[in-house]
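# A look at the structure
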Amino acid sequence: MSGTSADGIDAALIQTDGTKVNAFGPTHYIPYPKTLRDQIIKAYGRPPGSQEIVLERIITELHAEVVSALLEKAHMKPPEVDLIGFHGQTLFHKPPRQKGEIGETHIIADGPLLASLTGIPVIDQFRLNDVAHGGQGAPLVPIFHQALSFELPKPIAILNIGGVANVTWIGPGNDEMLAFDTGPGNGLIDDWVRENRGVSRDEGGKIAAMGRVNEMLLTRWLSHTYFMQKPPKALDRITFKDCLEDVRSLSFEDGVATLTAFTVACLERAAEYFPHKAPLWLVAGGGAHNPTLLKMMEERLNTQVQKALDKGWDGDALEAQAFGFLAVRSLRNLPLTFPGTTGAPIPLSGGRESRPFHKDLSPFFKASSIKATVSSIP
């Protein structure tokens, strides 16, 4: 899994039949080289072109390297793995805004290449079938959230804070599930601190804690038409990029504090659409490591907020695990998306299967060669 934060690749081993999780294996993470991350961020919102073809190959090769490292950590060989779920890197996502429209999505992921490099069958392009049927194409993880939370009291809200934040509300009934993108997650915060301090994130929310929230800007941002749109709904990472122009009038610390508060204010708006209040929010993703953000959540949502880790879940690897789960569902033709999660007209399966051209072909690439290749991208 490589999310819209573009910080790197998470990989995880999971044993599942696509309906329940039998066991979790090791996880592995590698950060993107800075040059590659910069190229990905530069490509956001851009229509597909020749540069993205080169980028796609580099990212796919790097995923193969991650798979190799993960299997080495688990003391496993490729033939012992049945399937890889390969999300790829989202560069552009324009969901439909009204019924009858068909959205657009662009995820760079070369499934056939990854299958050949690893010697393991691959499922990728999970969103395409949903988008083709008028769905939002995201979020895709809710059915995995439902499987993980089977024994937890309901209703419950499970929140992933990556570049964009998305929430899954799960009710007491088996079919009571609502999911949607709430608004910006870490993306705007990361962009602001990268631009001003050259670092990748507000580590531990320390910068936000030093700043003062500009409530006037929050009010203006919350008037965006996205917050009047009923869920299910999805966002592109750059939808709220104009907020970065607005905070230029603030001090650096106040900008971080205000952007952090915006992420939380979006959650407050999201909760208004829940059929019933969720007494507990479980938080996963990079945002779970931001105590300032979590404290703001408790204050604004007036509810209990816990890290997914508190329930024994690996919040950092949750989405990587989810795409293993979704890959098995795809193989079994089980639905990945639902009317309540993406606005799909009916429960839909999806994904594209690729099998290795040569079972014994596994030329894993060294990180140094990947960095050299990345530097040649215009």
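Residues numbered from 1 in each chain as written. Predicted model: local features only at pLDDT ≥ 70, side-chain atom pairs only at ≥ 80, totals over all residues. Heavy atoms only, no water.

## Observations regarding unusual backbone geometry
Across residues other than glycine, the phi torsion is negative in most instances, and most of the peptide bonds are trans. To be explicit about the condition: Numbering goes from the N terminus for both helices and strands, where a helix is a DSSP run of H or I of at least four residues and a strand is a run of E of at least two. Only protein chains enter the area calculation, which uses a 1.4 Å probe; residues under 20% of their type maximum are buried, those over 50% are exposed, and those in between are partly exposed.
Of the consecutive residues Ala138 and Pro139, the connecting peptide bond is found in the cis state with omega at -5 degrees. With respect to the helices and strands, the residue Pro139 is situated in the loop between α4 (128-132) and α5 (142-148). Phi at Asn333 takes a positive value of approximately 60 degrees, unusual for a residue other than glycine. Along the polypeptide, Asn333 turns up in the loop between α12 (318-331) and β12 (352-354). On the basis of relative accessibility, which here comes to 60%, the residue Asn333 falls in the exposed class.

## Regarding the sheet that holds β12
Adjacent strands of a sheet form backbone hydrogen bonds with each other and so pair up, either parallel or antiparallel. How we decide: By this definition, two strands are paired if DSSP reports at least two bridges between them.
Read across the open sheet, the 3 strands follow the order β3-β6-β12; overall the sheet is mixed. Edge positions in the sheet fall to β3 (84-85) and β12, since each of these pairs with one other strand and no more.

## Quick word on the sheet that holds strand β9 (residues 177-184)
Operational definition: The convention used is that axes are lines fitted to C-alpha atoms, helices contributing only their stretch in contact, and that angles between N-to-C directions extend from 0 to 180 degrees.
Taken together, the 5 strands give an open sheet; going across it, the order is β9-β8-β7-β10-β11, and neighbouring strands pair in mixed fashion. Looking at which strands have only one partner, the edges of the open sheet turn out to be β9 and β11 (304-307). Direction aside, the axes of adjacent strands within the sheet are offset by 20 degrees on average. Inspection of the sheet shows strand β8 (residues 164-170) paired to β9 by 7 bridges, in the antiparallel sense. Paired with Ile170 across the bridge in β9 is Met177.

## Description of the packing of aromatic side chains
Where two aromatic rings form a pair, the distance of their centres and the angle of their planes describe that pair. Applied cut-off: Between the rings of Phe, Tyr and Trp (Trp by its six-membered ring), a pair exists once the centres lie within 6.5 Å; its type follows the angle of the planes, with under 30 degrees stacked, over 60 edge-to-face, and the other angles tilted. Two conditions define a charge sitting above a ring: the NZ of Lys or the CZ of Arg must be within 6 Å of the ring centre, and it must be within 35 degrees of the ring normal.
The full count for this structure, using the stated rule, is 10 aromatic pairs. Plain terms: the ring middles of Trp221 and Phe262 are 5.0 Å apart, the flat faces sit at 55 degrees to each other, and that makes the pair tilted. Within this pair, whereas Trp221 is found in helix α8 (residues 215-221), its partner Phe262 is found in helix α10 (residues 252-271), the two being separated by 41 residues in sequence. Side by side, Trp221 and Phe262 carry an identical accessibility label, which is buried. Centroid distance Tyr226 to Phe240: 6.4 Å. Interplanar angle 85 degrees. Geometry classified as edge-to-face. Pair noted here: Tyr226 is in the loop between α8 and α9 (243-246) and Phe240 is in the loop between α8 and α9, with a separation of 14 residues, a long-range link. By relative accessible area, Phe240 is classed as buried at 6%. In this structure, Arg197 is placed above the aromatic ring of Phe252, and the distance from its NZ or CZ to the ring centre is 4.0 Å.

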